[in-house]
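# Survey of secondary and tertiary structure
Okay, here's what each chain looks like letter by letter:
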Amino acid sequence: MASLTFNSVWKRYDQVEAVKNLDLEIQDGEFLCLLGPSGCGKSSSLRMIAGLEFISAGDILLGGERINDLEPRHRDIAMVFESYALYPQKSVYENLANPLRLRKLGKDEIDRRVKEAATTLEIERLLERRPSQLSGGQKQRVAIGRVLVREPKAFLFDEPIAHLDAKLRARMRGELKHIQKRLGTTTVYVTHDQLEGMSMADRIAIMREGVLQQVGTPMEVFNEPANVWVATFVGDPPMNVLEGEMHGGDGGLSVVGEGFRLDVPASRAGGLSDADLSDRKVLVGVRPEALTLSGTPDAAHPITGRVYAVQPLGDVEVIDVRVGKQRLLVRAELGTVANEDMDATVYVGYRADKLHFFHPGTGLAIRSSAARQTSVTTTA
Amino acid sequence: MALLDRASPDVHDVGNPPLANRQQPRRYLIPLILPAVAVLALLSIYPLAWLIYMSFHQVALAPGAPDTFVGTANWTRMFGNPQYWEGWRLLALYSGVSMVLEVGLGTLLAVLLNRSKHEKLLITVFLMPMMVAPVVAGLLWQYLYNGTFGWYFWVLRSLGLLDGGTILGSSDHALWAIVLVDVWEWTPLVALIVLSGLKLVPKDQMEASWMDGAGPVRSFFQVALPSIKASLIIAVLLRFMDNIRIIDHFIALTGGGPANSTKVLPLYLYEQSFSFFELGYGSSIALTLLLVTIIVGKLVVGVFETREAKGPMSEEEV
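Bear in mind the structure is a predicted one, so any value in this text is a computation, not a measurement.

Each value, and the rule that gives it
Residues numbered from 1 in each chain as written. Chains lettered and ligands numbered in written order. Predicted model: local features only at pLDDT ≥ 70, side-chain atom pairs only at ≥ 80, totals over all residues. Heavy atoms only, no water. Helix = DSSP H or I, 4+ residues; strand = E, 2+ residues; numbered from the N terminus. Buried < 20%, exposed > 50% of the residue type's maximum accessible area, 1.4 Å probe, protein only. Contact = heavy atoms within 4.5 Å. Areas by Shrake-Rupley, 256 points an atom, 1.4 Å probe, with all protein chains shown as cover. Lys, Arg positive; Asp, Glu negative; His and termini not counted. Charge placed at Lys NZ, Arg CZ, Asp CG, Glu CD. Pairing = 2+ DSSP bridges. Salt bridge = Lys/Arg side-chain N within 4 Å of Asp/Glu carboxyl O. Domains from an automatic or database assignment. Buried area = accessible area lost by both parts, 1.4 Å probe. Polar contact = N/O pair within 3.5 Å; in protein donor to acceptor, adjacent residues only side chain to side chain.

Secondary structure summary: chain A contains 10 helices and 20 strands in total. By principal-axis analysis of the C-alpha atoms, chain A measures approximately 80 × 45 × 40 Å. When each of the 380 residues of chain A is scored for burial, the buried share is 53%. The contacts in chain A between residues at least 6 apart in sequence include a share of 67% that link residues at least 24 apart. When the accessible area of chain A is evaluated, it comes to approximately 16900 Å², of which 49% is carbon and sulfur surface. Averaging the coordinates of the 47 positive side-chain charges in chain A and doing the same for the 51 negative ones gives two points 7 Å apart.

Below, the structure is given as structure tokens:
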């Protein structure tokens, strides 16, 4: 077990810069999730830790020791591949025993560790099978088993459950998290699924086009997104972003756009006035769960919109509301809006303390020290 | 012909699947395969039958003269002839050593080519020997081995590795000299076949093997070898079939000498049939050669065949 550090790491392929100046510290025993859409550089970063890709510039340290020039086999890191990468001609037992045999462990010790991993993963009955005789979920367990037997310094997971069906994915999320917490091994987990990051990781590192956007606990990333891109990437359904213009008045600051007028809470006004906004334009973000719907206009529901579609999800429903040309997703109790209500006029209310403001040019979040405190209290 | 009949005569029975799903009647089967069978019979089956016929006769050479039935005389003569068995021994030695060297070196070459940045250029260069006709290759090496001006001869003599005599004139060296020609000419083909197999080696399994702690050699045997197995079978089979009936190099280089030390079975067969015109005797030799080729070919394929019986389990069985 050891900490992992990226020091100004770059990865360049011929024309493309896959990872740009990555600085990241992963604590000993931490479960860190590298999250981002495909092509964001998260897999390249993981493969550089593994030693499967050369590091173009910068250093990667494992337990304080520079590992740039070590071959994969000398790094003492175990990895689970997206495709499982089991050896098709070997039995499950041999697949699990392989890393131990390569370390020249005794026969009894190998047997003990393989059986132990098999018990943890509930695959004892499959030990004599070949990978071709296993289902996707079973293959995935064997692939995890192959890293569990080793007791390495760090685990690397490259989208390990991406190919499983939704039901099995939910179950494996829990199991992987349990195993990681029990063993306490430093873990880097790559995924494009924000749900996996939110539900499993101690901290999430979000990447986009090779650049690290934000690192933080799932709650920090969710409640205090560093920029508008992170805000819309994390959370399902995603955060709504409205374009508007700031107006000062007697009742304080407000943001006005086509079909809506949002009052800015006093605690945020300071940060917004200080922000360098050209043309007074600003992006307002608000999560679907911070919105409410009403059939009648009143002070609490100042935004006028039209029902575009309703998506019932069993316990709740997501209502797609069009405000002018802009789109708002509202999360509400099941039965708030019926299918027949399409094109009906509705009034949307919002929780002022749950508004996020972003700079329209840079996309960066506009914060104030007061706002920071409110959101921290909400988290706690 | 029962097999070729229509699969289900009672197609109009109630409960049969609708027309589109029903197995098509086989009434077109015979007319469709007949031309292919006829061509095959003409090209392949007739000569085989004729070969068997000849092996039991003393074949007359004059036009219109009748062949004499000699029973198993050709066969007993063949099995009693030490030169026949010596032909087999030399052939086994020659094709065995050639094949091991060609497959071994070819695989090594393929692995190196696969890692090279100039793979395309190098493969073109390496494939050149293969493009040369075997007889031409034989003549080329005849010059290289030549006892008066041959370059290899000169090199070996200068190094003191050749104690008098020439390379092809020594019954100790001649066979190995011809093995070298075959290896030179055909290793690139093996490399090409194995290279195509190496392209199919799963990259993720290779990487998993490195992460498991394997070095390059170990990961080659653990991951690459199983997935190039099919390519290796093809290479082994092709080289075996070729080597067991090759005479070009032998005719061009030694003609079976010195002192019959390179008279492999195909050359012996050629000599009996077309130098001495013992066509019946030659036919029995040819038949045994054919039989051994078929049996060994089957064995080669059988050795490598994989056995995968059971299908995947269902998710619930976890």
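The discussion continues.
Residues and elements named next belong to chain A. Both strand 1 (residues 4–12) and strand 4 (residues 57–62) contribute to a ladder of 5 bridges, which runs antiparallel. For F6, the partnering residue across the bridge sits in strand 4 and is I60. Taking the residues between adjacent antiparallel strands as the criterion, strand 1 and strand 2 (residues 17–26) are bridged by 4 residues.

Here we take up the pattern of salt bridges. Residues and elements named next belong to chain B. Applying the stated criterion across every chain, the model contains 32 salt bridges over all chains. Across the salt bridge formed by E86 and R89, the nearest N and O atoms sit 3.2 Å from each other. One end of the pair is E86 and the other is R89, both in helix 3 (residues 82–115) and 3 residues apart, which spans about a single turn. Its relative accessible area of 28% is what places E86 among the partly exposed residues. Take R89: its relative accessible area is 48%, and that puts it in the partly exposed class. Ionic pairing is found between E207 and K203, a salt bridge with its closest N-O pair at 3.7 Å. Here the residue E207 and the residue K203 both occupy positions in helix 8 (residues 203–212), the gap between them amounting to 4 residues, near one helical turn. Residue K203 is classed as exposed on the basis of its relative accessible area, which comes to 57%.

Our next topic: the domain arrangement of chain B. The extent of an interface is frequently quoted as the accessible surface area lost upon association of the parts. All names here are of chain B. Domain annotation of chain B identifies domain 1 (2–55) and domain 2 (82–304). Inter-centroid distance (C-alpha atoms) of domain 1 to domain 2 is 40 Å. Contact with domain 1, which involves 5 residues of that partner, is made by 7 residues of domain 2. Both faces combined, the contact of domain 1 with domain 2 buries some 450 Å², and carbon together with sulfur accounts for 81% of it. Of all residues in domain 1, L51, M54 and S55 give up the largest surface area on contact with domain 2, accounting jointly for 80% of the area buried on that side. The interface formed by domain 1 and domain 2 includes 0 salt bridges. In this structure, the connection of domain 1 to domain 2 is made through 0 residue pairs in polar contact (both at pLDDT 80 or more).

Take the interface of chain B and chain A next. Contacts between the two partners involve 26 residues from chain B, matched on the other side by 37 residues from chain A. Buried surface at the junction of chain B and chain A, both sides included, amounts to about 2700 Å², of which 50% is carbon and sulfur. Counting every contact that joins chain B to chain A gives 1 salt bridge. One salt bridge connects R47(A) with E207(B), and the closest N-O pair in it is separated by 2.6 Å. Counting the contacts that link chain B with chain A gives 11 residue pairs in polar contact (both at pLDDT 80 or more). At the level of secondary structure, the elements contributing two or more residues to the side of chain B that touches chain A comprise helix 8 and helix 9 (216–243) of chain B. With 9 residues, helix 8 of chain B is the single largest residue contributor to the side of chain B that touches chain A.

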